Amino acid sequence: MNILGIETSCDETAAAVVRDGTVILSNVVGSQVEVHRPYGGVVPELAARQHLELIDRMVTQALADAGVTWAEVGAVAATAGPGLASSLLVGLNTGKGIAAALGVPFIPVNHMEAHLYSPLIGNAAWPVVVLIVSGGHTMLVHVTGPGRYERLGQTMDDAAGEAFDKVAKLLGLAYPGGPEIDRLARQGDAAAIPFPRSLRDEPGFQFSFSGLKTAVRYYLARHPAAAVADVCASFQEAVVDVLVAKTLRAAAATGARTVAAAGGVSLNSRLRARLTQACEQAGIRLLLADAKLCTDNAAMIAARAFHKWPTGPESFGVGVAPSVGLG
Ligand code: KG4
Ligand code: ZN
């Protein structure tokens, strides 16, 4: 069955067609980065307007790329939350409208559950520990089957991506800062500055990144001539150290032999390298998604929707899903 997925929770206007939850027939993303860049972050009002501008084109393109006609769409799914309220409304109402016009079910999807599925599309292995690291969330989830999961821990303050973006802002780098820090860190010394590894050696799976961000701010105030590449590399290493240590510890605690990483920060080259190395050493299989599936996209929405399919008719309600599960 072909599911048309729609994602408009933040600043990407995305549509995709996925067959049977595993075959991505198309995955179209209209980025709004240029619209928000002058403001150094996402402006909700502008995001909602951009979604309205782009959504029809993205949906049409997703169907064309997939070579799927309207008649071949078996269900429509859209992100119901968490996300920016005015942005979510655009995708939700578009999805519901299309579903009603086609006479097919509408499936609301939790954005975090969708991120969780992105490295598992066509690749599922249970049980798996998934590290979700995005601009809005940082969490470790133990997944034992489609829709069956337990949240092991999450950030108590800033998300990992938020820390990347805020530190980039302190350094005067362009938005979004994560990719910039990743790029500059390659020329820097990761051991140059001993930034704190918050909660790394504490029991449990909670995270905290706001202290690290503050440590960078104080360091820059005291060392205005600091080499930006060294600050980037040292900050990045502190984040990656904590993420890798906790993820591997979660795998050991749950007995999962597979680990996956999802969300925009899972694109970070140092995180990928360190996770690869740590998983190899521990004899654990690592699933990393393609770049287009790590950042916000609609293929993960359609894939998650398919896995909701067997769980009962409540999945097909047309209302906004309550923020259950990971949201
Ligand atoms: O998953 P995502 O696209 O959107 C949310 O749902 O939040 O994640 C966006 C976040 C941003 O904070 C961005 O700076 C970060 O992912 N990011 C990166 C990299 N690429 C994107 N952070 C570190 N290194 C990267 N290469
Ligand atoms: Zn996201």
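Residues numbered from 1 in each chain as written. Chains lettered and ligands numbered in written order. Predicted model: local features only at pLDDT ≥ 70, side-chain atom pairs only at ≥ 80, totals over all residues. Heavy atoms only, no water.

Trainee: Explain the coordination of the zinc ion (ligand 2) to me, please; I cannot follow it from the model alone.
Mentor: Metal coordination angles have textbook ideals: 109.5 degrees for a tetrahedral set of four donors and 90 or 180 degrees for an octahedral set of six. Taken together, His-111 (NE2), His-115 (NE2) and Asp-296 (OD) make up the protein donors of the zinc ion (ligand 2), found 2.0 to 2.1 Å from the metal. In primary-sequence terms, the residues that donate to the zinc ion (ligand 2) follow H-x3-H-x180-D. Here Asp-296 lies in the loop between α10 (291-294) and α11 (299-308) and His-111 lies in helix α4 (residues 111-117), a separation of 185 residues in the sequence. With respect to class, His-111 is no different from Asp-296; both count as buried. (Donors = N, O, S within 2.8 Å, 3.2 Å for Na, K, Ca; no water. Helix = DSSP H or I, 4+ residues; strand = E, 2+ residues; numbered from the N terminus. Buried < 20%, exposed > 50% of the residue type's maximum accessible area, 1.4 Å probe, protein only.)

Trainee: Sorry, what's going on with the packing of aromatic side chains here?
Mentor: What describes a pair of aromatic rings is the distance from one ring centre to the other and the angle between the planes of the rings. This model, assessed by the stated rule, comprises three aromatic pairs. With a centroid separation of 5.1 Å and 80 degrees between ring planes, the pair formed by Phe-164 and Phe-235 is classed as edge-to-face. In this pair, Phe-164 sits in helix α5 (residues 160-170) while Phe-235 sits in helix α8 (residues 228-254), placing the two residues 71 residues apart along the sequence. Taking 6.1 Å as the distance between ring centres and 15 degrees as the angle between the ring planes, the aromatic pair formed by Phe-207 and Phe-209 counts as stacked. Accessibility classification places Phe-207 together with Phe-209 in one group, the buried group. (Phe/Tyr/Trp six-rings, centres within 6.5 Å; stacked < 30°, edge-to-face > 60°.)

Trainee: Which parts of the structure should I look at to understand the site of ligand 1?
Mentor: Around ligand 1 sit 19 residues in total, of which Gly-135, Asp-165, Asp-182, Gly-264 and Asn-268 are the nearest. The backbone of Gly-264 places a nitrogen or oxygen atom 2.9 Å from an oxygen atom of ligand 1. Protein chains shield 88% of the accessible area of ligand 1, which is 560 Å² for the free molecule. Those elements that place two or more of their residues in the shell around ligand 1 are α4, α5 and α6 (177-185). Looking at the shell around ligand 1 residue by residue, the class counts come to five nonpolar, 11 polar and three charged. In this structure, the shell around ligand 1 is formed jointly by two domains, domain 1 (2-117 + 293-306) and domain 2 (126-288), each of which donates at least three residues. (Near = heavy atom within 4 Å. Polar contact = N/O pair within 3.5 Å; in protein donor to acceptor, adjacent residues only side chain to side chain. Areas by Shrake-Rupley, 256 points an atom, 1.4 Å probe, with all protein chains shown as cover. Nonpolar A, V, L, I, M, F, W, Y, C, P; charged D, E, K, R; others polar. Domains from an automatic or database assignment.)

Trainee: What am I meant to see in the domain arrangement of the protein here?
Mentor: Bring the parts together and some accessible area is lost; that lost area is often taken as the interface size. Each assigned domain of the protein is listed here: domain 1 (2-117 + 293-306) and domain 2 (126-288). A straight line from the C-alpha centre of domain 1 to that of domain 2 covers 27 Å. Between domain 1 and domain 2, the residue contacts involve 17 residues of the former and 22 residues of the latter. Summed over both partners, the interface of domain 1 with domain 2 buries about 1400 Å², with 69% contributed by carbon and sulfur atoms. The largest contributions to the domain 1 side of the interface with domain 2 come from Met-112, Leu-116 and Cys-294, which together make up 43% of the buried area. Linking domain 1 with domain 2 are zero salt bridges, by the criterion used here. Elements with a contribution of two residues or more to the side of domain 1 that touches domain 2: α1 (33-36) and α4. If you tally residues by element for the side of domain 1 that touches domain 2, the top one is α4, at five residues. Counted by class, the side of domain 1 that touches domain 2 contains eight nonpolar, five polar and four charged residues. (Contact = heavy atoms within 4.5 Å. Buried area = accessible area lost by both parts, 1.4 Å probe. Salt bridge = Lys/Arg side-chain N within 4 Å of Asp/Glu carboxyl O.)

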